[in-house]
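# Report on the structure
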Amino acid sequence: MTAPTTARLDGASSSAKPTGSWADDLWQRWTATPELRRRTEWTILGLVTLVAVLVRFVRLGQPDRIVFDEIYYVPDGWTITNNGYESEWPENKDELWASGQQGAYLDQAEYVVHPPLGKYLIGIFMHLFGAEHVWAWRFGVALFGAAAVPLLYFVGKKLFGSIALGAIAAGMLAIDGHAIAMSRTGILDIFVMFFVLLGFLFLLYDRDDQNRKLSAWVADWRRREHAIDPSVPLTSTPSRWRTTIHPPKSRPTGPDWGPVLWRRPWFVAMAFSLALATSVKWSGLYYLALFCVLSIGLDAYARKREGITLWLSAAVLKQGPASFLLAIPLTLVTYVVSYGGWFLTGRGYNGIVESGVWQDGRFFDESTATWRDGSLFDWLRLSFSHFVDYQQQVYEFHSRLAAGHSYNSAPYEWPFLLRPTAFQYTYIDPADDPSCHANQCVEAVTSLSNPLLYWLGTIAIVFLIMMLFVKPRWPYVAILVSYAAGYLPWLLTGRTSVYHFYVIVWLPFMFLAAALALQTVAGDADDPRKQRTLAVNLVTGFFVLAILVSIFFYPVWTGLQIPDWYFNLTHWLPGWY
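Naming follows an unreviewed UniProt entry, where the protein chain appears as Polyprenol-phosphate-mannose--protein mannosyltransferase of Gulosibacter faecalis.

Okay, here's the thing in C-alpha cells:
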C-alpha cells in the first residue's frame, strides 16, 4: 500500500506513512493547483482584513466625546489643516469642542512637541467628512490601523515564505485589543506603527534585490577573472570569519570588496517610510537607525556568502556610506517638508512672523537693530534658524519630561502587561440612562491587549533570543532588531513618565515572533500523524480560546455599555484597574 502524501501549510509536500494532520489534508486540497492556492490566499487575507475593518469601524463614533489625548491631537489636526499651524484655543477648549464650536480657535500659535504629519492625517478626514462627526476625526486612524493588518500579512509572508505564518500574525493583530483601541482613538501612534511596518516590508524587498544584484556582480566578476586565470573558480565559496593576524595559507579566490550598490529603490522607499514615521513622532528615528544597521548586517552576510574576501569592511566602509547618503538626506528633507505650513505661514510656534522678526517682506536686523527689506535668502536663513531653535526646545522638553499620571507605566513593566492605559471610563446610573439594566453600568476604552496573545508574544521574543544561540536565522535577527528599536530606547532611559500604549509600534513584531513560536509547537507536516495532530489541535485550541477572550474584552476596547460586574471581570491583574 502506498504511503499517503501530506502537505505542509506553506505548500511543500513530503511523503511519509502516517504523517501530517487534518489541517495538512485541508491545506493540500485548498492549494492543489496554483489557481486554488491563489484563491485560498486571497480568501484568507480577505477574511482577516474584513474582521480588522469591522472591529475598528463599527460604532467608530462611540464614545461620542473626546477620549484621552484626542483633546490635543483632534483640535490640533483641525487647526493645522485650516491655518497651516497648530493654533491655541481658549481655556475652555474641551467645552467648546464638545458643544460643536470647532471654529473657536485663536490666531496665536500653540506650542506642540510632536511633528505635524499625524495631525494632518487626522485633520484631512475631518475636512472630508465634517469636524462635527466624532467618527470623522477617528476615521484616518482607523483606516491606517485596519490597513496595518493586511500589511503585516505581506510582511509575514515575505519574511517566512509562508502564507500560514503571515495569516497567523495578521490575525493576531486583527483581533488584539491594544491595536483595536488605538485604531479607534484619534491619536498619533497608529500612524507610526503603520509607517514602521511599511518600512520593514521595504527592507525585506531591498534585501532580496540587493542579494540578486550582488550575486550577479560576483558571477560576472568570476567569469572575467576565470577567463584570465583558470584557477579562479566560477562558483562562490562562502568566506570565513578570521580573527587571526596571520595570513591565510592559500590566497582567497573571491573579489576583495565587491560593488557599491547605488540603485536601491526599496532601500530608498524604506528610508522614506521611516521618515514619514519620524514626521509623526520622533520615535521613528530609532527604527531608521537600527533598520539601516540591520541593512548593513544583511549586506555583510550576503557578501560573506558570495565569497567576498573583505566582506565585513566592504559592507561597513563601502556600502555603509552609500546607504547613509541614500537615507539620511531624504529623511531630513521629508521631515522638513512635513513642516511646510509652519514655514510658509511663519505663524507657527517660534515662526519668524509669530516671533515678530519678519513682517510684510521686511525683517528685523539684530546687528543694526533696524528693519530691512528681506530677500528670499533672508527668509530662508531666518526660517531655518528659528526652526532649528524650535527643534532644540522640543528635544529639551522630551528629555526633561517627568510629569506624573495615574496610568504611568515604567518600560520594565511593558512585557508583562502590568499597567495598560485606560483612555476613558464612565460610570452610568440607571436613573440617568434607562438603557442601563444593572445597578451601575460602565463605558470604558482601555488599550489592553488580548492577554493570551500579548503574553505569547513576550514569551516568543525570549524564545527567539534563545534560538539565536541554538539555530540562528536571519528572520530571528530582523524581528528582534525591530522589537529592540521600539522597546530598548525607552527601557535604557529609565524614564517612568511613559505609557504602555507606546507598545503599539512594535506589537506587530511581537506577533511575528508569536507566529514562529506557534509553528515550533505545531511541528512539521512530516511528523508522525498522531504527534502532528495533537500539536495542531493544541495550536487550534489556543486560537479558539484567544478569539473567545477577544470577544469577552471587546466591550472595554470600544466603549460598549456593560454592567459594572462585567467590567470588574475584565480586571485580571491589580494594575488593570
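What follows covers the packing of aromatic side chains. The final tally for this structure, using the stated rule, is 61 aromatic pairs. Measuring from ring centre to ring centre gives 6.0 Å for Tyr499 and Tyr502, while their planes differ by 80°; the resulting arrangement is edge-to-face. A single burial state applies to Tyr499 and to Tyr502, both of which are buried. On the numbers, 6.3 Å between centres and 70° between planes, the contact of Phe553 with Trp576 is edge-to-face. Taken as a pair, Phe553 in helix α18 (residues 529–558) and Trp576 in the segment after α19 (564–569) lie far apart in primary sequence, 23 residues in all.

Such a bond, covalent and formed between the sulfur atoms of two cysteines, is termed a disulfide. Under the definition given, this model contains one disulfide. Covalent S-S linkage joins Cys436 and Cys441, the inter-sulfur distance amounting to 2.0 Å. One disulfide, between Cys436 and Cys441, carries an S-S torsion of 95° and so falls in the right-handed class. Cys441 carries the same exposure label as Cys436, and that label is buried.

Residues Phe363 and Asp365 point to one face of strand β4 (residues 362–365) and are all buried, whereas Arg362 and Phe364, pointing to the other face, are not buried. Where strand β3 (residues 358–359) and β4 come together, two bridges link them in antiparallel fashion. The residue of β4 that forms the bridge with Gln359 is Arg362. Where β3 folds back onto β4 in an antiparallel hairpin, the turn is made up of two residues, including Asp360, whose phi is positive at roughly 50°.

So, on to the pattern of salt bridges. In total, this model carries 20 salt bridges according to the counting rule given. Of the charged contacts, one joins Lys281 and Asp189 as a salt bridge, the two residues approaching to 2.9 Å between their closest N and O atoms. You can see Lys281 sitting in the loop between α10 (265–278) and α11 (284–305) and its partner Asp189 sitting in helix α9 (residues 189–228), a full 92 residues away along the chain. Across the pair, exposure class does not vary: Lys281 and Asp189 are buried alike. In this structure, Arg372 engages Asp365 in a salt bridge whose closest nitrogen and oxygen atoms are separated by 2.7 Å. Here Asp365 falls in the buried class, since its relative accessible area comes to 10%. If you follow the salt bridges from partner to partner, you end up with Asp64, Arg65 and Glu443 in one network.

Inspection of helix α1 (residues 22–30) places Ala23, Asp24 and Trp27 among the buried residues, and these make up the whole buried set. Each buried residue of α1 lies within a common arc of 95° when the element is viewed along its axis, so the set occupies one face.

For the pair α10 and α11, the least separation of the axes is 8 Å and the interaxial angle reads 160°. With respect to α11, the axis of α10 lies roughly antiparallel. Residues Phe267, Met270, Ala271, Leu274, Ala277 and Thr278 of α10 lie in contact with α11, whose contacting residues are Gly284, Leu285, Tyr287, Leu288, Phe291, Cys292 and Ser295. Taken together, the residues that form the contact of α10 with α11 break down as ten nonpolar, three polar and no charged.

Glancing now at the sheet that holds strand β6 (residues 422–428). With respect to topology, three strands assemble into an open sheet ordered β6-β7-β8, the strand pairing being antiparallel. Either end of the sheet is taken by a strand with one partner, and the two such strands are β6 and β8 (561–563). Strand-to-strand twist of the sheet, defined as the mean angle between neighbouring strand axes without regard to direction, takes the value 30°. Sheet topology places strand β7 (residues 441–446) next to β8; three bridges connect them, and they run antiparallel. Within β8, the residue paired with Cys441 across the bridge is Pro563. This element, α18, spans β7 and β8 of the sheet and lies at about 85° to β7.

Structurally, the position occupied by Gln102 is in the loop between α4 (93–98) and α5 (117–129). Looking at Gln102, the relative accessible area reads 9%, which means it is buried. When residues no more than four places from it in sequence are discounted, the contact partners of Gln102 are Trp78, Trp89, Trp97, Ala131 and Glu132.

Before going further, it helps to examine the environment of Asp94. The topology assignment puts Asp94 in helix α4. With a relative accessible area of 47%, Asp94 lands in the partly exposed category. For the pair Asp94 and Ile71, spaced 23 residues apart in sequence, the C-alpha separation works out to 7.0 Å.

Before going further, it helps to examine the nonpolar core. If you look at the biggest cluster of nonpolar residues, it comprises 131 residues, and the most contacted ones within it are Phe195, Phe200, Ile479, Trp506, Phe509 and Leu512. Sorting elements by how many residues they give to this core places α9 first, with 14 residues. Core analysis: the next-biggest nonpolar cluster, separate from the first, contains nine residues, Val113, Tyr339, Tyr390 and Val394 among them.

Here we come to the UniProt feature "domain: ArnT-like N-terminal" (unreviewed entry) in the protein chain. Summarizing the sequence annotation, UniProt attributes the feature "domain: ArnT-like N-terminal" (unreviewed entry) to residues 134–211 in the numbering used throughout. The span residues 134–211 carries 90% helix and 0% strand; its end-to-end C-alpha distance comes to 48 Å.

It is worth spelling out the sheet that holds strand β5 (residues 370–373) at this point. The strand order β3-β4-β5 describes an open sheet built from three strands, whose pairing is antiparallel. Only two strands of the sheet have a single partner each, and these edge strands are β3 and β5.

Our focus in this paragraph is helix α14 (residues 376–400). The end-to-end C-alpha separation of α14 is 36 Å, in line with the 36 Å expected for 25 residues at 1.5 Å each. Among the residues of α14, Asp378, Leu382, Ser383, His386, Phe387, Tyr390, Gln391, Val394 and His398 are the ones counted as buried. At its buried positions, α14 is contacted by α12 (311–338), α13 (340–345), β3, β4 and β5.

For the bond from Gln62 to Pro63, the omega torsion is -5°, close enough to zero to count as cis. The backbone of Asp360 shows a phi angle near 50°, a positive value even though the residue is not glycine. Here Asp360 lies in the loop between β3 and β4. With relative accessibility at 78%, the residue Asp360 sits in the exposed group. Positive phi outside glycine occurs at Leu417, with the angle close to 60°. Its location among the elements puts Leu417 in the loop between α14 and β6.

It is worth spelling out the packing of helix α17 (residues 507–522) against α18 at this point. At their nearest, the axes of α17 and α18 sit 8 Å apart, and the two run at 145° to each other. Together, Leu518, Val521 and Ala522 of α17 and Arg532, Ala535, Val536, Val539, Phe542 and Phe543 of α18 make up the contact between the two elements. Each residue belonging to the contact of α17 with α18 can be placed in one class, and the counts come to eight nonpolar, no polar and one charged.

So, how was this worked out
Residues numbered from 1 in each chain as written. Predicted model: local features only at pLDDT ≥ 70, side-chain atom pairs only at ≥ 80, totals over all residues. Heavy atoms only, no water. Phe/Tyr/Trp six-rings, centres within 6.5 Å; stacked < 30°, edge-to-face > 60°. Buried < 20%, exposed > 50% of the residue type's maximum accessible area, 1.4 Å probe, protein only. Helix = DSSP H or I, 4+ residues; strand = E, 2+ residues; numbered from the N terminus. Disulfide = S-S within 2.5 Å. Pairing = 2+ DSSP bridges. Salt bridge = Lys/Arg side-chain N within 4 Å of Asp/Glu carboxyl O. Arc of directions from axis to C-beta. Axes fitted to C-alpha atoms, helices over the stretch in contact; angles between N-to-C directions. Parallel < 35°, antiparallel > 145°, perpendicular 65-115°, else oblique. Contact = heavy atoms within 4.5 Å. Nonpolar A, V, L, I, M, F, W, Y, C, P; charged D, E, K, R; others polar. Core = buried A, V, L, I, M, F, W, Y, C linked by side-chain atoms within 4.5 Å. UniProt positions renumbered as here; feature names shortened; annotations may be inferred. Expected span 1.5 Å × (residues − 1).

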